[in-house]
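Examination of the molecular architecture
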Amino acid sequence: MVPQGGLNHQQALARLEETNTLAEQIYETCVTEGMSPSEQAQALYTWLTQQVRYDFRYYSQPEEMPYDSTTAYGALHDHLAICGGYAQAYQLLLKQAGIPCITVSGSLSGENHMWALARIDGQWLYFDPTSDRGRVDYGFQYFGVGEDALFRYTWDREGARSLTEALFP
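Throughout what follows, the structure given in this document is the object of discussion. This is a predicted model, so every value here is computed, not measured.

Thresholds applied
Residue indices follow the written sequence of each chain, beginning from 1 at its first position. Residues qualify for local features only when their pLDDT is at least 70, as the model is predicted, and side-chain atom pairs are given and counted only at 80 or more; totals for whole chains, interfaces and linings, by contrast, use all residues. The basis for the side-chain values is all heavy atoms of the structure; hydrogens and waters are excluded. In this description a helix means any DSSP run of H or I spanning at least four residues, a strand means any run of E spanning at least two, and both kinds are numbered starting from the N terminus. Between the two quantities, the radius of gyration covers C-alpha atoms and the globule rule is 2.2 Å times the number of residues to the power 0.38. Each residue is placed in one exposure class: buried if its accessible area under a 1.4 Å probe, protein chains only, is under 20% of its type's maximum, exposed if it is over 50%, and partly exposed if it falls in between. Contacts were defined at the residue level, with two residues in contact if any of their heavy atoms lie within 4.5 Å. Shrake-Rupley sampling with a 1.4 Å probe provides the accessible areas, and residues are treated as covered by the protein chains on show and by no other component. The sign given to each residue is positive for Lys and Arg and negative for Asp and Glu; His and the chain ends receive no count. A single reference atom marks each charge: NZ on Lys, CZ on Arg, CG on Asp, CD on Glu. Between N-to-C directions, angles cover 0 to 180 degrees, with each direction set by a line fitted to C-alpha atoms, over the stretch in contact for helices. Each crossing gets its handedness from the near helix: less than a right angle anticlockwise from the far helix is left-handed, clockwise is right-handed. Polar here means any residue outside two lists: the nonpolar Ala, Val, Leu, Ile, Met, Phe, Trp, Tyr, Cys and Pro, and the charged Asp, Glu, Lys and Arg; Gly therefore counts as polar. Roughly parallel here means an angle under 35 degrees, roughly antiparallel means over 145, roughly perpendicular means 65 to 115, and every remaining angle is called oblique. Residues with no salt bridge and a relative accessible area higher than 30% make up the patches, which join like charges within 9 Å and nonpolar side chains (Val, Leu, Ile, Met, Phe, Trp, Tyr) within 5 Å. Counted as salt bridges are all cases of a side-chain nitrogen of Lys or Arg within 4 Å of a carboxyl oxygen of Asp or Glu. Here is the rule: rings of Phe, Tyr and Trp (six-membered ring for Trp) pair when centre to centre is within 6.5 Å. Planes less than 30 degrees apart are stacked, more than 60 are edge-to-face, and the remainder are tilted. Lysine and arginine charges are scored as sitting over a ring when NZ or CZ, respectively, is within 6 Å of the ring centre and within 35 degrees of the ring normal.

**Describing the overall build of the chain**
Summing up its helical and strand segments, the chain has seven helices and seven strands in all. On C-alpha atoms alone, the chain measures out to a radius of gyration of 16 Å, which is about the 15 Å that the 2.2 N^0.38 rule sets for 169 residues. If one aligns the C-alpha atoms of the chain with their principal axes, the spans along those axes are about 45 × 40 × 35 Å. Counting across all 169 residues of the chain, residues that qualify as buried make up 41%. Considering only contacts in the chain between residues 6 or more positions apart, those separated by 24 or more positions represent 51%. Per element, the accessible surface of the chain, about 9,300 Å² overall, is 49% carbon and sulfur. Charged side chains in the chain number 10 positive and 21 negative. The centres of these two groups are separated by 4 Å.

Spelled out as structure tokens, the structure:
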């Protein structure tokens, strides 16, 4: 039985496999041998912020926006996402590079938002590809920043730290 508007178990597994395959292909396209973890993270972030468009139906026609826009699949397959899709896609791309990463849920200027927290060169840093989309030529503002740079963001900081310690001791 298929849930209304959703995927059945087999379809969900196939979608997950396809999403992982897309992440692997993007990784292989963006990352070259000898790149440091920081260089890999930046190459993957650059791809994501250049290739994925924001699905503005979230604001104008939320009932028309497909669920996929909230997922890594939407970002990597359709090149269309909102913050959850961007954050999950970045997490999946960093997984290909062997870089520990989680997504963080909170708010940005009072609006629900998601971004990523990853360990690069032994340091936990924040990444917000949604806010940096289209900024590659102007310089990223939210690539590998500390908590202090996220002054308009609110989230459970202790919860995020605890999760990273539990998942990546």
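**Some points on the packing of helix α2 (residues 37-51) against helix α5 (residues 83-96)**
Contact geometry of α2 with α5 gives a least axis separation of 10 Å together with a crossing angle of 145°. The element α2 and its partner α5 pack so that their crossing is right-handed. Counted together, Ala41, Leu44, Tyr45 and Leu48 of α2 and Tyr86, Ala89, Tyr90, Leu93 and Leu94 of α5 form the full contact between these two elements. Class assignment for the residues of the contact of α2 with α5 results in nine nonpolar, no polar and no charged.

**Some details on the packing of helix α1 (residues 9-30) against α2**
It is at 10 Å that the axes of α1 and α2 come closest, and there the two elements cross at 115°. The angle between α1 and α2 places the two elements in the roughly perpendicular class. With respect to the hand of their crossing, α1 and α2 are arranged in right-handed fashion. Contact residues: Ile26, Tyr27 and Cys30 in α1; Gln40, Ala43, Leu44 and Trp47 in α2. Of the residues contributing to the contact of α1 with α2, the split by class is six nonpolar, one polar and no charged.

**Focus: a nonpolar patch on the surface**
A surface patch of nonpolar side chains, amounting to about 320 Å² of accessible area, comprises Phe56, Tyr58 and Tyr59. Relative to the assigned elements, Tyr58 resides in helix α3 (residues 57-60). Judged by its relative accessible area of 30%, Tyr58 is partly exposed.

**Concerning the packing of aromatic side chains**
For the coordinates displayed, the defined rule picks out 15 aromatic pairs. Note on Tyr54 and Tyr59: the rings are 6.2 Å apart at their centroids and 25° apart in plane angle, and the pair reads as stacked. Judged by its relative accessible area of 47%, Tyr59 falls in the partly exposed class. Following the ring pairs from residue to residue traces out a cluster consisting of Tyr45, Tyr90, Phe127, Phe140 and Phe143. Over the ring of Trp155 we find Arg157; its NZ or CZ atom is 4.1 Å from the centre of that ring.

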